[in-house]
Amino acid sequence: MATTHEHTKPDQGADYLEDTPTDLYAEGGPTSDSVDGGAVYTAGGGDWDDIAKDVATLGAERIVVNMGPQHPSTHGVLRLILELDGETVREARAGIGYLHTGIEKNMEFRTWVQGTTFCTRMDYLTPIFNETAYCLSIEKLLGITDQIPQRASDIRVLMMELNRIGSHLIALATGGMELGATTVMTIGFRERERTLRFFEAVSGLRMNNAYVRPGGVAQDVLPEHLDQLEEELPALRRGIGELEKLLLESPVLKGRTVDVGYLSLANCMALGVTGPILRSTGLPHDLRKAQPYCGYETYDFDVITRREMDAYSRICIRLDEIWQSIRIAEQAIARLRASQGDPVMVADKKIAWPAQMSVGADGQGNSLDHIRTIMGESMESLIHHFKLVTEGFRVPPGQAYAAVESPKGELGVHAVSDGGTRPYRVHFRDPSFNNLQAASAMSEGSLVADVIVAVASIDPVMGGVDR
Amino acid sequence: MSEGDKVSTGPETPDKQPPAQTTTQDEANAPSRSEGQNVDTTTAQESAGGSVPAVHGPGDPVTMARKQGMFGGSLGGDTSGYGGLDAPVLFPGAAERPYGSYFDEVVDALEAAAPRAFADGLERVVVDRGELTLHVHRDHLLALVRPLRDDPRLRFEVCTGVSGVHWPEQTGAELHAVYHFQSITHGVRRVRIDVTCPDGDPRIPSIVGVYPANDWHERETWDMFGIVFEGHPGLTRILMPDDWPGHPQRKDYPLGGIPVEYKGATIPAPDQRRSYT
């Protein structure tokens with residue numbers, strides 16, 4: 001954390017600042033005495049001059065604090081530039097980009113299917129949502145949305161809802177840790193592990209699953225996976241109950257979160273904020289209900305809303321949404337038991353991945369049966385496999401937008417195809433990226449400590465923000 | 001391909017038993033067609049983008065680019081895979097009324113709310129894959145976007161961001177800014193606005209004044225594509241460092257990367273690998 005004390009003579013202005021040689025790393029840090037009325041800046045970005053000029057005109061007692069990019073309370077590499085007047089935040093700006101990995105650009109150089117392995121790493125707490133949104137956009141471009149097997153959609157729903165539980169638990173866990181409650185953190189991570197164990201059993205990976213593929217999913221969910229999940233569910237319920245008891249009536253938590261991070265409905269609309277923040281204003285907007293995908297319209301669940309518009313109500317919403325997710329997951333489990341053996345990949349063999357993946361002794365790979373067929377029995381199958389895997393399928397030219405309700409809000413994918421085997425352009429409208437814009441509106445005028453709570457209630461994940 | 005070989009087992013047979021031998025390999029691998037399939041992907045698979053989906057407007061398809069390469073062409077009898085590729089990239093052309101769904105209502109309401117900007121600025125209405133796209137001239141963007149938000153018949157309250165697309169071969173309209181709007185009032189209606197600007201004069205008016213949510217999205221598009229959103233309150237880079245040269249997601253900006261050696265073989269950088277498009 002870098003702190004800048006600002007004591008500028010009002011008549012000197014910006015020219016004076018530029019002429020003053022400053023030692024940024026002087027022993028003991030800069031104080032007003034050591035520089036005799038001058039200004040010392042520890043700058044972290046190229047636009048610092050502008051901030052400095054602004055600060056210089058404001059008077060003497062303002063302090064600019066750089067919180068982050070590495071700070072335990074900022075959800076990864078988020079940098080908050082706070083202008084403080086005593087303990088009060090006068091201006092807050094978020095600086096992002098520290099985790100930019102060029103995923104969108106990289107995807108343009110891989111096949112459509114390979115794109116899932118990239119986009120799953122964006123918001124690393126919601127991999128299944130990233131993959132599903134991406135695959136839905138491809139399926140829209142291909143025009144095969146209504147040919148996705150029912151079982152594949154049910155698996156997607158089950159995986160997404162478990163992923164929602166995991167993401168919400170991390171939001172609560174890290175949020176609690178930021179307030180100093182490490183037990184909240186350990187319970188949250190412990191319970192999330194139950195969902196990850198199911199992911200690992202089904203896809204071979206805990207995170208970054210690359211499990212949802214264009215046309216369906218990478219491999220079937222077996223009855224033993226469902227057994228394992230059903231064994232975990234009572235424990236998961238108990239753990240979430242524990243978390244509720246620990247959090248909801250805690251006077252410390254309520255003292256820190258009630259009426260903090262206020263954002264009204266009008267603000268949400270103006271800033272395009274979606275997800276639990278929007279639902280904390282009382283608007284029951286949830287794409288699962290409002291614009292259903294993957295067959296959500298056939299599931300029975302409620303959209304959780306509150307009216308308090310503060311950080312506390314968002315905690316309540318996340319907890320209640322976990323219960324709703326369990327409700328959906330149970331329905332999905334029942335459907336998957338009934339449809340065991342149905343296809344989980346689109347029937348179109350020019351698009352469908354030629355084999356189901358399987359987890360063998362040496363890790364995940366093509367199923368041995370499939371390898372036996374293509375290597376020993378059918379030359380055409382081998383050619384077909386080779387063509388699909390190396391060259392990929394072609395997607396008709398055009399553009400499409402598909403959106404899913406991720407735990408953080410609307411995750412939209414704008415996919416453009418030029419008719420080739422690679423995406424021409426894929427843009428992800430990550431909810432964290434958009435919602436983080438509200439950090440300023442939520443925290444300006446409040447205390448420094450409330451900034452942490454406000455940001456935690458947004459639940460930004462920098463992997464998704466910066467992509 | 002010879003007949004009589006065993007048909008590949010697809011993923012839809014979990015018991016891994018090959019189906020009864022009734023068809024040739026080609027037939028087995030042909031895309032299935034159903035009533036509901038509104039886009040036939042067969043042509044796309046075989047003509048490398050030189051076709052538009054079967055369902056599109058009566059207007060002429062728009063040529064976005066031309067694909068050329070050694071591989072990828074597979075029409076005709078050449079089975080070497082080295083057919084050579086030379087095909088236009090065709091996007092769906094203008095749609096004709098009725099557009100279907102809520103699209104007519106939205107377009108009518110927009111015309112009624114901003115008749116002059118509608119007449120002068122709306123270049124094309126495209127309905128494709130169940131989505132409404134309005135191609136708008138940049139000079140009239142603001143005049144059309146404000147009623148889009150404020151008019152009670154439209155009420156697209158939320159802008160879910162702008163996404164840049166670079167079509168280097170579209171002379172005079174190389175850079176596209178694609179906006180997506182969402183109306184919650186009317187039950188999640190969506191409309192897309194596609195605005196272009198030439199590479200030599202990459203200016204598009206900022207809509208941050210109407211949709212503050214677009215602040216960071218426009219900064220990202222400036223950062224990645226170099227589109228200058230005029231009137232934006234602070235158009236600075238957002239993801240790349242402030243002193244970064246160039247705009248990384250443009251097509252003329254190289255991906256970079258180095259060849260990797262693995263067990264004696266060298267795998268070239270991703271942008272140097274063979275492309276089948």
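Before reading on, note that the structure itself is shown above.
Here goes a summary of the coordinates provided.

## Thoughts on the overall build of chain A
Here's step 1: On a plain count of helices and strands, chain A comes out with 19 helices and 11 strands.
Here's step 2: When the 467 residues of chain A are sorted by exposure, 63% land in the buried category.
Here's step 3: A fraction of 70% describes how many contacts in chain A between residues 6 or more apart in sequence connect residues 24 or more apart.
Here's step 4: As displayed, chain A has an accessible area near 16200 Å², and 54% of this comes from carbon and sulfur atoms.

## Re the sheet that holds strand β3 (residues 122-128) of chain B
Residues and elements named next belong to chain B.
Here's step 1: Sheet architecture is open: five strands sit in the order β3-β4-β7-β6-β5, paired in mixed fashion. Either end of the sheet is taken by a strand with one partner, and the two such strands are β3 and β5 (158-166). Taken pair by pair, the neighbouring strands of this sheet meet at an average axis angle of 20°, ignoring direction.
Here's step 2: Strand direction decides the pairing type here: β5 and strand β6 (residues 175-183), joined by seven bridges, are antiparallel.

## Concerning the side chain of Ser443(A)
All names here are of chain A.
Here's step 1: Looking at the secondary structure, you find Ser-443 in helix α17 (residues 438-443).
Here's step 2: Polar side-chain contacts of Ser-443 include one of 2.6 Å to the backbone oxygen of Ala-439.
Here's step 3: When near neighbours in sequence (up to four residues on either side) are disregarded, Ser-443 contacts Val-89, Ala-92, Val-451 and Ala-454.

## Some remarks on empty space enclosed by the protein
Here's step 1: For the structure shown, the criterion picks out seven cavities of 30 Å³ or more.
Here's step 2: In this structure, the largest cavity occupies an estimated 150 Å³ of space.
Here's step 3: Ala171(A), Gly175(A), Gly176(A), Ile315(A) and Ala456(A) are the residues nearest the centre of the largest cavity, which is lined by 15 residues in total.
Here's step 4: Per-class residue counts for the lining of the largest cavity are 10 nonpolar, four polar and one charged.
Here's step 5: Considering only enclosed or pocket space, the second largest cavity measures out at about 90 Å³ in volume.
Here's step 6: Surrounding the second largest cavity, Gly398(A), Gln399(A), Phe91(B), Pro92(B), Arg124(B), Val126(B), Asp128(B), Glu131(B), Thr133(B), His135(B) and Arg192(B) form its lining.

## Section: helix α6 (residues 150-178) of chain A
Residues that lie three or four places apart on an α-helix share one face, since the helix turns once every 3.6 residues.
Residues and elements named next belong to chain A.
Here's step 1: In a regular helix each residue adds 1.5 Å, so 29 residues correspond to 42 Å; α6 covers 42 Å between its end C-alpha atoms and thus fits that length.
Here's step 2: Of all 29 residues making up α6, 27 are buried, and the element is well covered by its neighbours.
Here's step 3: Directly after α6, the chain includes Gly-180, whose backbone phi takes a positive value near 95°.

## Re helix α8 (residues 223-247) of chain A
All names here are of chain A.
Here's step 1: The terminal C-alpha atoms of α8 lie 35 Å apart, and with 25 residues this matches the ideal 36 Å at 1.5 Å per residue to within 8%.
Here's step 2: Its maximal kink placed at Leu-233, α8 deviates by approximately 30°, while the proline Pro-234 follows within four residues.
Here's step 3: The set of residues buried in α8 consists of His-225, Leu-226, Leu-229, Glu-232, Leu-233, Ala-235, Leu-236, Gly-239, Ile-240, Gly-241, Leu-243 and Leu-247.
Here's step 4: Contacts made by the buried residues of α8 are with α6, α7 (182-203), α9 (251-257) and α13 (311-338).

## Describing the nonpolar core
Here's step 1: By size, the foremost hydrophobic cluster in this structure holds 86 residues, and its most contacted members are Tyr134(A), Leu158(A), Phe198(A), Tyr211(A) and Phe393(A).
Here's step 2: Looking at this core element by element, the count peaks at 11 residues for α13(A).
Here's step 3: Apart from the residues within four sequence positions on either side, Phe198(A) is in contact with Leu158(A), Met159(A), Leu162(A), Val221(A), His225(A), Leu226(A), Gln228(A) and Leu229(A).
Here's step 4: Of all hydrophobic cores here, the second largest spans 78 residues; its members include Met67(A), Ile96(A), Ala117(B) and Phe229(B).

## Quick notes on the packing of aromatic side chains
Here's step 1: Scanning the model with the defined rule gives 10 aromatic pairs over all chains in all.
Here's step 2: Consider the rings of Phe91(B) and Trp167(B), whose centres lie 5.3 Å apart with planes at 80°: the pair is edge-to-face. With a gap of 76 residues between them, Phe91(B) in strand β2 (residues 85-91) and Trp167(B) in the loop between β5 and β6 connect regions that are remote in the sequence.
Here's step 3: Note on Phe91(B): relative accessible area 7%, which makes it buried.
Here's step 4: The exposure class assigned to Trp167(B) is buried, which follows from its relative accessible area of 2%.
Here's step 5: Among the aromatic residues, those joined into a cluster by ring pairs are Tyr293(A), Tyr296(A), Tyr299(A) and Phe301(A).
Here's step 6: Directly above the aromatic system of Phe301(A) lies the positively charged group of Lys289(A), at a separation of 4.2 Å from the ring centroid.
Here's step 7: Over the ring of Tyr299(A) we find Arg335(A), and its NZ or CZ is 3.8 Å from the ring centre.

Rules and cut-offs
- Each chain carries its own residue numbering, running from 1 in the written order of its sequence.
- Starting at A for chains and at 1 for ligands, labels are handed out in the order in which the entities are written.
- Local features in this predicted model are restricted to residues of pLDDT 70 or higher, and side-chain atom pairs are both shown and tallied only at a pLDDT of 80 or more, whereas totals for entire chains, interfaces and linings draw on every residue.
- Values shown for side chains rest on all heavy atoms present in the structure; no hydrogens or waters enter the calculation.
- Strands here are runs of E lasting at least two residues and helices are runs of H or I lasting at least four, both read from the DSSP assignment and numbered beginning at the N terminus.
- Three exposure classes are used, based on accessible area relative to the maximum for each residue type with a 1.4 Å probe and protein chains only: buried under 20%, partly exposed in between, and exposed over 50%.
- For this analysis, residues touch if any pair of their heavy atoms sits within 4.5 Å.
- Accessible surface is estimated by sampling points in the Shrake-Rupley manner with a 1.4 Å probe; for residues, cover comes only from the protein chains shown.
- A pair of strands is considered paired only if DSSP assigns at least 2 bridges between the two.
- Lines fitted to C-alpha atoms define the axes here, with helix axes fitted over just the stretch in contact, and angles between the N-to-C directions of these axes take values from 0 to 180 degrees.
- By the criterion applied in these results, polar contacts are pairs of N or O atoms within 3.5 Å in which, for protein atoms, one can donate a hydrogen and the other can accept it, and in which residues neighboring in sequence qualify only through two side-chain atoms.
- Cavities and pockets are found on a 1 Å grid laid over the protein atoms alone: a cavity is a set of points where a 1.4 Å probe fits but cannot escape, a pocket is an open set with protein on both sides within 12 Å along at least five of seven lines, and a lining residue has an atom within 4 Å of such a point.
- Grid points are joined across faces, edges and corners, and a volume is the space filled by probe spheres set on the points.
- Three residue categories are used. Nonpolar comprises Ala, Val, Leu, Ile, Met, Phe, Trp, Tyr, Cys and Pro, charged comprises Asp, Glu, Lys and Arg, and polar comprises the others, including Gly.
- A helix's residues, less one, multiplied by 1.5 Å, set its expected span.
- To get the bend at any residue, fit one axis to the seven residues that end at it and another to the seven that begin at it, then take the angle between the two axes.
- The term nonpolar core refers to a set of buried residues drawn from Ala, Val, Leu, Ile, Met, Phe, Trp, Tyr and Cys, joined through side-chain atoms within 4.5 Å.
- Here the aromatic set is Phe, Tyr and Trp, taking the six-membered ring for Trp, and pairing holds for ring centres within 6.5 Å; pairs whose planes are under 30 degrees apart are stacked, those over 60 apart are edge-to-face, and all others are tilted.
- Over a ring means this: the NZ of a Lys or the CZ of an Arg is within 6 Å of the ring centre and within 35 degrees of the ring normal.

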